[in-house]
Amino acid sequence: MNIRPMQESDLSTLVTIEQSITPFPWTLGNFADSLVAGHSAWVGYQYGEIVGYAVMSIVAEEAELLNIGIDPECQRCGRGIELMVHLLQIAKENGVGRMFLEVRRSNISARAFYDQFYFNEVGLRRDYYVTHKNCEDAIVMARNL
Ligand SMILES: CC(C)(COP(=O)(O)OP(=O)(O)OC[C@H]1O[C@@H](n2cnc3c(N)ncnc32)[C@H](O)[C@@H]1OP(=O)(O)O)[C@@H](O)C(=O)NCCC(=O)NCCS
């Protein structure tokens, strides 16, 4: 997989992937806002096809992972690891000392994924994710770089 900066022309593909992998998908507007905000936004691709993406904000010495996703057909093949290694590298190059993220309590695969990168639980946002049917806590995780 190769990794390059996210572009506006990628966004409809990203939304299609996003809608297939999470009950709380970012909209095209969310991705577009990230580009406008100048977030560190990347896509992973192979054979010309986008297979994953990641968005991170960096403010002073802190980074926040805002989104990461891998096409369902490409999951569990190490693509997520490649994107996360890339983000950590970019964060380090920008002088980041600590990275944060939020994950749904029931998102067991993502939590196992973040465990691989030594993120620790540092907080809880109760009922952070809300749908018309239910609500769910967000676990706040962090690691030093
Ligand atoms: C979380 C996500 C980005 C991981 O990407 P991925 O490419 O599938 O994961 P990788 O193949 O790089 O996995 C790396 C490690 O993470 C853990 N992991 C990943 N998916 C897992 C799963 N479904 N079950 C258990 N552990 C899992 C494993 O430890 C895995 O290593 P292993 O395969 O050697 O056991 C991907 O599953 C995804 O897009 N999920 C839906 C979107 C999402 O939840 N994003 C995070 C929002 S907070």
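Shown above is the structure to which this text applies.
All of these numbers come straight from a predicted model, not from anything done at the bench.

Enquirer: What's the story with the overall build of the chain in this structure? I'm lost.
Expert: Counting secondary structure elements, the chain contains 4 helices and 7 strands. The N-to-C order of helical and strand elements in the chain reads β-α-α-β-β-β-α-β-α-β-β. Its C-alpha radius of gyration of 15 Å places the chain within 12% of the 15 Å reference for a compact globule of 145 residues. Principal-axis analysis of the C-alpha atoms gives the chain an extent of 40 × 40 × 30 Å. In the chain, which comprises 145 residues, the share counted as buried stands at 25%.

Enquirer: For this particular structure, what's the right way to read the site of the ligand?
Expert: Around the ligand, a shell composed of 19 residues is seen, among which Gln75, Gly80, Ser109, Ala112 and Phe113 lie nearest. When residues of the shell around the ligand are assigned to their parent elements, the largest contribution, 5 residues, is made by helix 4 (residues 108–116). Counted by class, the shell around the ligand contains 9 nonpolar, 8 polar and 2 charged residues.

The rules behind these values
- Residue positions are given per chain, counted from 1 along the sequence in the order it is written.
- Owing to the predicted nature of the model, reporting of local features is limited to residues with pLDDT of at least 70; listing and counting of side-chain atom pairs is limited to 80 or more, with chain, interface and lining totals taken over all residues.
- Note on conventions: DSSP H or I runs of at least 4 residues are helices, E runs of at least 2 residues are strands, and numbering of each starts at the N terminus.
- Each radius of gyration reported is based on C-alpha atoms, and the globular scaling rule is 2.2 Å times the count of residues to the power 0.38.
- Exposure classes come from backbone-placed C-beta atoms, where a residue is buried if 20 or more other C-beta atoms lie within 10 Å of its own, exposed if 12 or fewer do, and partly exposed in between.
- Only the C-beta atom matters for this test: placed from the backbone, it must lie within 6 Å of a molecule or strand for the residue to be near it.
- Gly falls in the polar group here, along with every residue not listed as nonpolar (Ala, Val, Leu, Ile, Met, Phe, Trp, Tyr, Cys, Pro) or charged (Asp, Glu, Lys, Arg).

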